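# Chains, contacts and geometry: an overview
One-letter residues, chain by chain:
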Amino acid sequence: MEKSKGYDPIIMAKKTEDIVVSGNRRKYVQLGRHLRFYGGTSSATEVGCNLRCKFCFSHEPVWKPETTGKFYSPEEVFKGLVANAQKHGNKIISASASEGTLGKRHLFELLALVDKTDYVYVLETNGMTLGADKAYCEQLAQFKNLHVRVSIKGCNADEFHALTGAKKDAYELPYTALNHLIEAGVSVNACLMVSFSDEQTIMQATHQLKDIYPGLLKSLELERIKQFPKVRTRLKQYNLKPNRQISCANI
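What you see is a predicted model, and the numbers here were worked out from it, not measured in a lab. (Residues numbered from 1 in each chain as written. Predicted model: local features only at pLDDT ≥ 70, side-chain atom pairs only at ≥ 80, totals over all residues. Heavy atoms only, no water.)

### Re the packing of aromatic side chains
Summed over the entire model, instances satisfying the criterion amount to 6 aromatic pairs. For the pair Phe108 and Tyr136, a centre-to-centre distance of 5.7 Å together with 80° between the ring planes defines the contact as edge-to-face. With a gap of 28 residues between them, Phe108 in helix H4 (residues 104-114) and Tyr136 in helix H6 (residues 134-140) connect regions that are remote in the sequence. Looking at Tyr136, the relative accessible area reads 1%, which means it is buried. Ring plane angle 50° and centroid distance 5.8 Å describe the contact between Phe160 and Tyr171, whose orientation is recorded as tilted. You can see Phe160 sitting in helix H7 (residues 157-164) and its partner Tyr171 sitting in the loop between H7 and helix H8 (173-184), a full 11 residues away along the chain. Each member of the aromatic cluster is reached from another via a ring pair, and the members are Phe108, Tyr136 and Phe143. (Phe/Tyr/Trp six-rings, centres within 6.5 Å; stacked < 30°, edge-to-face > 60°. Helix = DSSP H or I, 4+ residues; strand = E, 2+ residues; numbered from the N terminus. Buried < 20%, exposed > 50% of the residue type's maximum accessible area, 1.4 Å probe, protein only.)

### Considering the side chain of Ser73
Relative to the helices and strands, Ser73 is located in the loop between strand E4 (70-72) and helix H3 (74-88). In this structure Ser73 touches Asn24, Arg25 and His106, once residues within four positions along its chain are discounted. (Contact = heavy atoms within 4.5 Å.)

### Overview of unusual backbone geometry
If a residue is not glycine, its phi is most likely negative; likewise, a peptide bond is most likely trans. Of note, the phi angle at Tyr38 is positive, near 60°, even though the residue is not glycine. When you line up the elements, Tyr38 lands in the loop between strand E2 (25-35) and strand E3 (41-46). Here Tyr38 falls in the partly exposed class, since its relative accessible area comes to 37%. Look at Ala97: it is not a glycine, yet its phi comes out positive at around 80°. If you trace the backbone, Ala97 turns up in the loop between strand E5 (92-96) and H4. Taking the relative accessible area as the measure of exposure, Ala97 reaches 13% and is therefore buried.

### Some remarks on the side chain of Ser197
Within the element layout of this structure, Ser197 appears in the loop between strand E8 (187-193) and helix H9 (199-212). A polar contact of 2.7 Å, which involves the side chain of Ser197, links it to the side chain of Glu159. (Polar contact = N/O pair within 3.5 Å; in protein donor to acceptor, adjacent residues only side chain to side chain.)

### Notes on the packing of H3 against H4
Running from amino to carboxyl end, H3 crosses H4 at an angle of 45°, the nearest separation of the two axes being 9 Å. In terms of axis orientation, H3 runs oblique to H4. Both H3 and H4 take part in a crossing whose hand is right-handed. On the side of H3, the interface is formed by Pro74, Glu75, Val77 and Phe78, while H4 contributes His106, Glu109, Leu110, Leu113 and Val114. Of the residues belonging to the contact of H3 with H4, the class tally is 6 nonpolar, 1 polar and 2 charged. (Axes fitted to C-alpha atoms, helices over the stretch in contact; angles between N-to-C directions. Parallel < 35°, antiparallel > 145°, perpendicular 65-115°, else oblique. Left-handed = near helix turned anticlockwise from the far one by under 90°. Nonpolar A, V, L, I, M, F, W, Y, C, P; charged D, E, K, R; others polar.)

### Side note on the pairing of E5
Among the 5 residues that make up E5, 5 are buried, leaving the element largely enclosed by the rest of the structure. Neither face of E5 is exposed, since Ile92, Ser94 and Ser96 on one face and Ile93 and Ala95 on the opposite face are all buried. Pairing between E3 and E5: 5 bridges, direction parallel. Bridged to Ser43 within E5 is Ser94. Of the strand pairs in this sheet, E5 and strand E6 (residues 120-125) are connected by 4 bridges, and their pairing is parallel. When the sheet's bridge partners are listed, Ser94 is paired in E6 with Val122. Traced from E5 through H4 to E6, the parallel crossover comes out right-handed. (Pairing = 2+ DSSP bridges. Right-handed = clockwise from strand over helix to strand, strands pointing away.)

This is how it looks when you write it as structure tokens:
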């Protein structure tokens, strides 16, 4: 059997945690900015990811974790998010720009603080860690003010490998994560990166989601890239061109 080409996101997660996690502290760039998503979100910017998506808008937090950000405790992150949420009247808080599941102790302590409030925390994840760790998904079920957003990078294994450089068989992990989370009773939705897909591969991915749970299609987000300068440069470097003609009308 031919060895799968590309890095292992689970090994990458452990290596990255060694850089961006220290005890119950995790690295962040900032602790609260207002975003328009979900009708208004206050989001911190995390450092450290277990994928290297070539279309990713986040540069230093993903590609240069060693020299980016500072370590913060869960209490410091919580206070920063709440201060921004109160300023803008937001009910949803989150962290973004990297992988949200790195640093389980930090995340759980942060979620425990959120559970004492009326805020809802949106956990942004690519599903790699959760797909490989069913117990992690089950532990998340203890938090009542949590919603998990699983972002799937591409619509099949070939696209996933081309877009991330990771080994192809890791593509199934976010689907497994969704199944684990639904079984555990965690609020969840899926997001599909479709900028490099065609209608056929998008339909294949949506059918795969439907097989897990038909309700996933009702809340499905179809993500398209934003070509910031660094993104445009990286796409050119890897000879990747987004499909501007794609129609998702039948999804």
